[in-house]
Amino acid sequence: MIEVTIKRDGKARSFVVDHHEVVIGRLNEKMEVHADLSGDDSVSRIHARAWEKKGIVYLEDLKSSGGTYIEGSAIDNIVALESDTEVAIGNNCLCFRIKKSISKG
């Protein structure tokens, strides 16, 4: 599971995606979007994806028109993220963290 925090216009919201992959973009008919950035037209419908593998969150831009940025630089390859890395997509700032599931028993 991946916890996603999205900051835009001075507001922040966090949620947990119960998948190992998070698709980032705007609502569309082609693919389910887990991190919906609708309302920001600079975000592609299918913009980027993040996924967890062996305790690390990776990020990939999916050939978006506006790009995906870390520290002001556009990414063009798969990037491993630190837990406090801020990712800029359009007018949004996103952070990704691995959320450990709590087993009952």
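Above this note sits the structure.
This one's a predicted model, so the numbers in the text were calculated from it and none came from an experiment.

The rules behind each value
- Residues numbered from 1 in each chain as written.
- Predicted model: local features only at pLDDT ≥ 70, side-chain atom pairs only at ≥ 80, totals over all residues.
- Heavy atoms only, no water.
- Helix = DSSP H or I, 4+ residues; strand = E, 2+ residues; numbered from the N terminus.
- Areas by Shrake-Rupley, 256 points an atom, 1.4 Å probe, with all protein chains shown as cover.
- Lys, Arg positive; Asp, Glu negative; His and termini not counted.
- Charge placed at Lys NZ, Arg CZ, Asp CG, Glu CD.
- Pairing = 2+ DSSP bridges.
- Salt bridge = Lys/Arg side-chain N within 4 Å of Asp/Glu carboxyl O.
- Buried < 20%, exposed > 50% of the residue type's maximum accessible area, 1.4 Å probe, protein only.

Trainee: An account of the overall build of the chain is needed here, citing residue identities and associated values.
Mentor: Per the secondary structure count, the chain includes zero helices and eleven strands. The N-to-C order of helical and strand elements in the chain reads β-β-β-β-β-β-β-β-β-β-β. In terms of its C-alpha atoms, the chain occupies a principal-axis envelope of roughly 45 × 30 × 25 Å. Of the accessible surface of the chain, which amounts to about 6600 Å², a share of 46% is contributed by carbon and sulfur atoms. Distance from the positive charge centre (15 side chains) to the negative charge centre (17 side chains) of the chain: 4 Å.

Trainee: So what about the sheet that holds strand S10 (residues 87-89)? Which residues, and what values?
Mentor: Here we have six strands laid out as an open sheet, ordered S2-S1-S11-S10-S7-S8, and antiparallel in their pairing. Edge positions in the sheet fall to strand S2 (11-17) and strand S8 (73-74), since each has one partner strand and no second. In the sheet, strand S1 (residues 2-8) pairs with S2 via seven bridges, with the strands oriented antiparallel. Residue pairing across strands places Ile2 opposite Val17, the latter belonging to S2.

Trainee: Can you tell me about the sheet that holds strand S5 (residues 46-53), naming the residues and giving the values?
Mentor: Taking strand neighbours across the sheet as the criterion, the five strands line up as S4-S3-S5-S6-S9 in an open arrangement whose pairing is mixed. Looking at strand neighbours, the two that pair on one side only are strand S4 (35-36) and strand S9 (79-81), the edges of this open sheet. Judged from the six bridges that link them, S5 and strand S6 (residues 56-61) form a sheet pairing that is antiparallel. By the bridge assignment for S6, Ala50 is matched with Leu59.

Trainee: Describe the pattern of salt bridges, with residues and values.
Mentor: Under the definition given, this model contains four salt bridges. Ionic pairing is found between Lys7 and Glu86, a salt bridge with its closest N-O pair at 3.5 Å. Taken together, the residues span a long stretch of sequence, with Lys7 in strand S1 and Glu86 in the loop between S9 and S10 at a distance of 79 residues. One salt bridge connects Arg49 with Glu60, and the closest N-O pair in it is separated by 2.8 Å. Here Arg49 is found in strand S5, whereas its partner Glu60 is found in strand S6, with eleven residues between them in sequence.

Trainee: Go over the pairing of strand S11 (residues 92-98) with me, naming the residues and quoting the values.
Mentor: Taking burial as the measure, the seven residues of S11 include five buried ones, the bulk of the element. Across six bridges, the pairing between S1 and S11 is antiparallel. By the bridge assignment, Glu3 is partnered in S11 with Arg97.

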